[in-house]
Amino acid sequence: MNTDDERARTRALVRCLARRDDAVLLPVLVPVGTSAPRIHPLTVLLLAQLRQVTLERDAYRAWITQDPAPLGDGQLRTRAADAAGFLAGRDSP
């Protein structure tokens, strides 16, 4: 069961992941008088994956270090009732 607090945290993570940043440019130096070297397609793919992983890492750090929202009175009562029900079910034969 998703609580409002969990939904808010999920939305915050999605917002961080959906952020758009500028593209990373990789200059390729070519000596004068020679033909341009072929860039292997795998190199481009790996650079794109590296950028994606970096963005996800930063989004996760921003999400995990945010201050938790305090639980409301209703949420505390619900959790207490769930815990009491669990303990009663566990202790009964």
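Residues numbered from 1 in each chain as written. Predicted model: local features only at pLDDT ≥ 70, side-chain atom pairs only at ≥ 80, totals over all residues. Heavy atoms only, no water.

**Details of the overall build of the protein**
Here's step 1: Helix and strand content of the protein: three helices and zero strands.
Here's step 2: Of the regular secondary structure in the protein, the N- to C-terminal order runs α-α-α.
Here's step 3: Within the structure as shown, the protein displays about 8300 Å² of accessible surface, and the carbon and sulfur contribution to it stands at 61%. (Helix = DSSP H or I, 4+ residues; strand = E, 2+ residues; numbered from the N terminus. Areas by Shrake-Rupley, 256 points an atom, 1.4 Å probe, with all protein chains shown as cover.)

**What about the confidence of the model for the protein?**
Here's step 1: In this model, the protein carries an average pLDDT of 75, and 74% of its residues clear a pLDDT of 70 or more.
Here's step 2: Mean pLDDT values for the elements of the protein range from 74 in helix H1 (residues 4–17) up to 83 in helix H2 (residues 41–64). (pLDDT = per-residue confidence, 0-100.)

**Examining the pattern of salt bridges**
Here's step 1: Applying the stated criterion across every chain yields a total of two salt bridges.
Here's step 2: As a salt-bridge pair, Arg 57 and Asp 58 come within 3.0 Å of each other at their nearest N and O atoms.
Here's step 3: Given the relative accessible area of 28%, Asp 58 is considered partly exposed. (Salt bridge = Lys/Arg side-chain N within 4 Å of Asp/Glu carboxyl O. Buried < 20%, exposed > 50% of the residue type's maximum accessible area, 1.4 Å probe, protein only.)

**Topic: the packing of aromatic side chains**
Here's step 1: Applying the stated criterion to the full structure yields one aromatic pair.
Here's step 2: Judged by centre distance (5.8 Å) and plane angle (50°), the ring pair of Tyr 60 and Trp 63 falls under tilted. Placement of the pair is Tyr 60 and Trp 63 together in helix H2, with a separation of three residues, close to one helical turn. (Phe/Tyr/Trp six-rings, centres within 6.5 Å; stacked < 30°, edge-to-face > 60°.)

**What about the environment of Thr 3?**
Here's step 1: Position of Thr 3 relative to the elements: it lies in the segment before H1.
Here's step 2: Thr 3 sits 72 residues away from Gln 75 along the chain, and the two C-alpha atoms are 8.2 Å apart.

**Quick word on a nonpolar patch on the surface**
Here's step 1: On the surface, Leu 42, Leu 45 and Leu 46 cluster together to form a nonpolar patch covering roughly 290 Å² of accessible area.
Here's step 2: Residue placement: Leu 45 occurs in helix H2. (Patch = residues over 30% accessible without salt bridge, like charges linked within 9 Å, V, L, I, M, F, W, Y side chains within 5 Å.)

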